[in-house]
Amino acid sequence: MSAANGTVSGGDVLQFDAGLINASSKKYLTTELGTVNVNGTSLKSKQVWTLNPATADGKLFYLSNKVSKSGLTTVYRLTYDKYGKVTAEKMDEETSPDLMQKFKVEPQGDGKFAIKAETLDYLSGSGEPTCKSKSVGESESWSIQLAIHPQVNIFSVQRQQFAHLDLERDQTCQILFNENIPWGGDAVITLIYDAAASKYLIQASDDRFLNADGSLRAAKSEEALFAIEFHGENLAFKNGGKYLSVGGKDGELMTRKGTVGKEALFKLEDSYPQGVFYNLSNNKIVSMKQDIHVSANQHEETDTETFQLECAPGKTNEWAVRSSNGNYWSMEAGKQDILNNGKSKDKACIFELVYDGLEAGTLALRAKANGKFVGIKSSGPLVASGSEIGKPETFRFKLSNRPNLVLKGEHGFIGLRKNFECNRTTVDNEVIQVSYENDGTYIFRGRDPNTAWTVDGEGNYTLSEGSPEKFTLEFMKRSHCLIRASNGKLLEGKQHGEMRATGTEMKKSTLWEF
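Since the model is a prediction, treat every value here as computed from it, not as a measurement.

Criteria and thresholds
- Per chain, residues are indexed from 1 in the order of the written sequence.
- Where local features are concerned, this predicted model is filtered to residues with pLDDT of at least 70; where side-chain atom pairs are given and counted, the filter is 80 or more; whole-chain, interface and lining totals use all residues.
- Working from all heavy atoms in the structure, the side-chain values ignore hydrogens and water.
- Each helix corresponds to a stretch of at least 4 residues labelled H or I by DSSP, and each strand to a stretch of at least 2 residues labelled E; elements are numbered beginning at the N terminus.
- Here the radius of gyration uses the C-alpha set of atoms, whereas the globule reference equals 2.2 Å times the residue count to the power 0.38.
- When accessible area is computed with a 1.4 Å probe and restricted to protein chains, residues below 20% of their type maximum are described as buried, those above 50% as exposed, and intermediate ones as partly exposed.
- Cavities and pockets are found on a 1 Å grid laid over the protein atoms alone: a cavity is a set of points where a 1.4 Å probe fits but cannot escape, a pocket is an open set with protein on both sides within 12 Å along at least five of seven lines, and a lining residue has an atom within 4 Å of such a point.
- Grid points are joined across faces, edges and corners, and a volume is the space filled by probe spheres set on the points.
- When residues are grouped by polarity, Ala, Val, Leu, Ile, Met, Phe, Trp, Tyr, Cys and Pro land in nonpolar, Asp, Glu, Lys and Arg in charged, and all others, Gly among them, in polar.
- Just to be clear on terms, a salt bridge is a Lys or Arg side-chain nitrogen sitting within 4 Å of an Asp or Glu carboxyl oxygen.
- Between the rings of Phe, Tyr and Trp (Trp by its six-membered ring), a pair exists once the centres lie within 6.5 Å; its type follows the angle of the planes, with under 30 degrees stacked, over 60 edge-to-face, and the other angles tilted.
- What qualifies as a polar contact is a pair of N or O atoms within 3.5 Å, subject to a donor-acceptor requirement within protein and to the restriction that residues adjacent in sequence count only when both atoms come from side chains.
- Here, nonpolar core refers to any group of buried Ala, Val, Leu, Ile, Met, Phe, Trp, Tyr and Cys residues whose side-chain atoms link them within 4.5 Å.
- Two residues form a contact once any of their heavy atoms are found within 4.5 Å.
- Strands are labelled as partners when DSSP assigns at least two bridges between them.

(A) Layout of the overall build of the protein chain. A tally of regular secondary structure across the protein chain gives zero helices and 49 strands. Against the globule reference of 24 Å for 514 residues, the protein chain gives a C-alpha radius of gyration of 24 Å, in line with a compact fold. When the backbone C-alpha atoms are referred to their principal axes, the protein chain occupies close to 75 × 55 × 55 Å. In the protein chain, buried positions account for 56% of the 514 residues.

In structure tokens, the structure reads:
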């Protein structure tokens, strides 16, 4: 997943990381040490290409691949020479100026694309990849599978607002673009790639799928399958010759026109974790309802008791805590009170989440500004004054904007065969329903609420009506967490798909994107 500059919400807009699947071979375009082939059978790092706009009009793109080794990341671009030979080159001052890099990504109307070199012909996946084909056949057709995490917030370029599921309206149109900040689970949209159709399903937080007429339905159909198109930094969705667009006073989403205007352009934004803090000392909920002071003094959960955890790109366990009014928790210089008046994620707004040595399902917050733990005064206001962690400095955090959970690890998505495995290329149809328990743990349930994740005698997880496993979530990086099982170990994934609670530390195999 890549992130670009933020939208008006201050979040991170996702760049278009994707796998390119050849229609003839059904395999992915792959780069290995500068060579390019069409041999990839699954979507791993060697198969992920970022589509970066190369011109101001958004009609040409660079296709780049990132290679990470020994902590260093090198970016290679797909290039071609005057004879049409395709390679992947590290772009620096030593690169030959005869190597060209820009491509058109042309939709074909059936969900697939043709990729045409700016100064030559179409990229063919027949045998060794070349840009010498004058026409588009099966070997020149490519499906584009987005490699981002599928649970996103969707931003309307025209309205400058976000989508959410509005349950107050009638059944004909319920996804509206009228939120300035995407708040709550209803603002999380899941994009599901349908490999057979080379198109996407747009799933609302209640599991129903958006149809072309704006309605939401439980069943998948042709009306719910959308071809995507790339327009510079923006995305468009097309069904039946018309594009999804935003209109009306409330920003209703449905197909309207056969041409692309600003009303049909969207950005995808990373969906940060949101939730509620409970303090263990007074058993009350943290809120920003009453005044500028953040206090643990409420008994009910509303938007003013819900906070967003934002971790800066590339950082580990450095969080800004954002309120529904857009402000951050902050500390004034030389003072210890936690105020809801921060305007940017500077040092006064950064906190570390501490899990080690605490009761399962609890955490503490340490302010980066003074190194003290955040606790509560007798009347509830939060203050960063603790040198050690006691009950006033101990909280439970209830994740509230993931009623459904999609988990992606180092080797792919978690999906269910006989047991749960972690090397799926696409999102599994078996939804993880998140059930929060009052002790700070979570139970992962299936579509049937009587079923849940259970562990067998060999440590494998499956879905059954047996005794459910209880997990805790430890947030470490942006949209990534550790999942700790009841045995105290971390959920760890292996390349062949095995997934057991055997991990003892944070590493690639124990981090899960959610």
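(B) View of the layout of surface pockets. Of the voids in this model, the second largest pocket is the one considered here, and its volume is about 320 Å³. Lining the second largest pocket are 24 residues, with Ala 360, Gly 361, Thr 472, Glu 474 and Arg 484 sitting closest to its centre. Here the lining of the second largest pocket takes four residues from strand β45 (residues 472-477), the largest share from any one element. Here the residues of the lining of the second largest pocket are counted per class, giving ten nonpolar, eight polar and six charged.

(C) Region of interest: the pattern of salt bridges. Applying the stated rule across the entire model yields 24 salt bridges. A salt bridge links Lys 134 to Asp 121, with the nearest nitrogen and oxygen atoms 3.1 Å apart. Linking Lys 134 in the loop between β11 (130-133) and β12 (142-146) with Asp 121 in the loop between β9 (112-117) and β10 (122-124), this pair joins segments that are 13 residues apart in sequence.

(D) Up close: the packing of aromatic side chains. Going through the model one piece at a time under the given rule, you end up with 22 aromatic pairs. Consider the rings of Phe 113 and Phe 230, whose centres lie 5.6 Å apart with planes at 45°: the pair is tilted. Taken together, the residues Phe 113 in strand β9 and Phe 230 in strand β20 (residues 227-231) connect sequence positions 117 residues apart. Phe 230 matches Phe 113 in its accessibility class, with the two residues each being buried. Ring geometry for Tyr 461 versus Phe 471: centroids 5.6 Å apart, planes at 50°, classification tilted. Taken together, the residues span a long stretch of sequence, with Tyr 461 in strand β44 (residues 461-464) and Phe 471 in the loop between β44 and β45 at a distance of ten residues.

(E) Spatial organisation of unusual backbone geometry. Phi at Lys 26 is positive, roughly 65°, even though this residue is not glycine. Residue Lys 26 is classed as exposed on the basis of its relative accessible area, which comes to 58%. Here Ser 198, not a glycine, exhibits a phi torsion of approximately 60°, which is positive. Looking at the secondary structure, you find Ser 198 in the loop between β16 (189-194) and β17 (199-203).

(F) Local environment of the environment of Asn 180. Here Asn 180 shows up in the loop between β15 (175-179) and β16. Taking the C-alpha atoms as reference, Asn 180 lies 5.0 Å from Gln 161; in sequence the two are 19 residues apart. A polar contact is formed between the side chain of Asn 180 and the side chain of Gln 161, at a distance of 3.1 Å.

(G) Spotlight on empty space enclosed by the protein. For the coordinates displayed, the defined rule picks out four cavities of 30 Å³ or more. The volume enclosed by the largest cavity comes to roughly 110 Å³. Lining of the largest cavity is provided by Gln 145, Leu 146, Ile 148, Pro 150, Leu 191, Ile 192, Tyr 193, Tyr 200, Phe 413, Thr 425, Thr 426 and Val 427. Those elements that provide at least two residues to the lining of the largest cavity are β12 and β16. Of all the elements, β16 adds the most residues to the lining of the largest cavity, at three residues. Class assignment for the residues of the lining of the largest cavity results in nine nonpolar, three polar and no charged. Forming the boundary of the second largest cavity are Gln 151, Gly 185, Val 188, Thr 190, Gln 203, Ala 204, Ser 205, Asn 401, Pro 403 and Asn 404.

(H) Region of interest: the nonpolar core. If you look at the biggest cluster of nonpolar residues, it comprises 55 residues, and the most contacted ones within it are Leu 29, Leu 78, Ile 154, Ile 175, Phe 230, Phe 237 and Leu 268. At four residues, strand β1 (residues 16-22) tops the list of elements feeding residues into this core. With residues up to four places along the chain from it excluded, the contact list for Ile 175 reads Ala 163, His 164, Ile 189, Ala 204, Leu 210, Leu 216, Gly 251, Glu 252 and Leu 253. Within the second largest apolar cluster, 53 residues are counted, among which are Leu 363, Phe 395, Ile 432 and Met 476.

(I) Here's a closer look at the side chain of Thr 30. Relative to the elements of secondary structure, Thr 30 occurs in strand β2 (residues 28-32). Judged by relative accessible area, Thr 30 falls into the buried class, the value being 2%. Polar side-chain contacts of Thr 30 include one of 3.0 Å to the backbone oxygen of Tyr 28. There is a polar contact of 3.1 Å between the side chain of Thr 30 and the side chain of Gln 47. Contact partners of Thr 30, with chain neighbours within four places excluded, come to Thr 35, Val 36, Asn 37, Asn 39, Gly 40, Lys 46, Gln 47 and Trp 49.

(J) View of the pairing of strand β13 (residues 151-156). Of all six residues in β13, six are buried; the element is thus mostly enclosed. Looking at chain direction, β13 and β16 are connected through two bridges and run antiparallel. Note on β16: the bridge partner recorded for Val 152 is Ile 189. Pairing of β13 with strand β24 (residues 266-270) involves five bridges; the strand directions are antiparallel.

(K) Representation of the pairing of strand β46 (residues 480-484). Alignment of β45 against β46, held across five bridges, turns out to be antiparallel. Residue pairing across strands places Thr 472 opposite Arg 484, the latter belonging to β46. Where β45 hands over to β46, the hairpin turn is made up of two residues, of which Ser 479 adopts a positive phi near 60°.

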